Amino acid sequence: HEQAIDLGMIPSIEFLRGHEPYRIVPDLGIISDGPVASVALFCRTPLSAVRTIAADISSRTSNALLRILCVERFGLDPEFVPMAPDATAMLARCDAALIIGDPALDVEQRFPHRLDLAQDWLDWTDLPFVFAAWFARPGTVNADDEDIFRVAKQKGLARSDAIAAEHAARSGLDVTSLR
């Protein structure tokens, strides 16, 4: 149903592909100004020798970012093979694998060559990378609504270590190795 959604967090690449006149809600999103550890390219070979990349189907934005980096920054034109996020299967089939989220944290030390996409974007452009952001149809979110989001953001940031520790305990991740 057209115009059924007034507000939502969407991948930044989808905003660029969209035809609706959505506007960004300022200062709110999944934004990196440095390494993230959870969005990475893992390679069996040095990057310059990569000819095939298994592309994690979990993220359209990360795939678009990697394609831009390959072509524009590294002068590579590898074949991208969409695959589920299973590092072992991905790297059995391809030279490299784009893996995001917890699966990337699980394999961080297992492969000889690793590229943190957010850090590489920052190194190349000197700009943070926006993976996703809150977008709204014009006229649906006012300044008071935006303030509610900003307060929620600050409360979440104030508890980020506790939130990460709780998630790590539930999933068996060792977050101490990521610092």
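Residues numbered from 1 in each chain as written. Predicted model: local features only at pLDDT ≥ 70, side-chain atom pairs only at ≥ 80, totals over all residues. Heavy atoms only, no water.

The next thing to look at is the packing of aromatic side chains. By the definition in use, this model includes 4 aromatic pairs. With a centroid separation of 5.0 Å and an interplanar angle of 45°, the aromatic rings of W134 and F149 are classed as tilted. Residue W134 is located in strand β8 (residues 129–136), and its partner F149 is located in helix α6 (residues 143–158); the two are separated by 15 residues in the primary sequence. An aromatic cluster is present here, built from W121, W124, F129 and F131 joined pairwise through their rings. Above the ring of F80, the side-chain terminus of R67 is found at 4.1 Å from the ring centroid. (Phe/Tyr/Trp six-rings, centres within 6.5 Å; stacked < 30°, edge-to-face > 60°. Helix = DSSP H or I, 4+ residues; strand = E, 2+ residues; numbered from the N terminus. Lys NZ or Arg CZ within 6 Å of the ring centre and 35° of its normal.)

Take the layout of surface pockets next. Looking at the second largest pocket, its volume works out to about 360 Å³. Around the second largest pocket, the lining is made up of 17 residues, and of these I30, S38, V39, F131 and A132 lie nearest the centre. Those elements that provide at least two residues to the lining of the second largest pocket are β1 (7–11), β2 (23–32), α2 (60–73) and β8. (1 Å grid on protein atoms, 1.4 Å probe; cavity = no way out; pocket = protein on both sides within 12 Å on 5 of 7 lines; lining within 4 Å. Points joined across faces, edges and corners; volume = space filled by probe spheres on them.)

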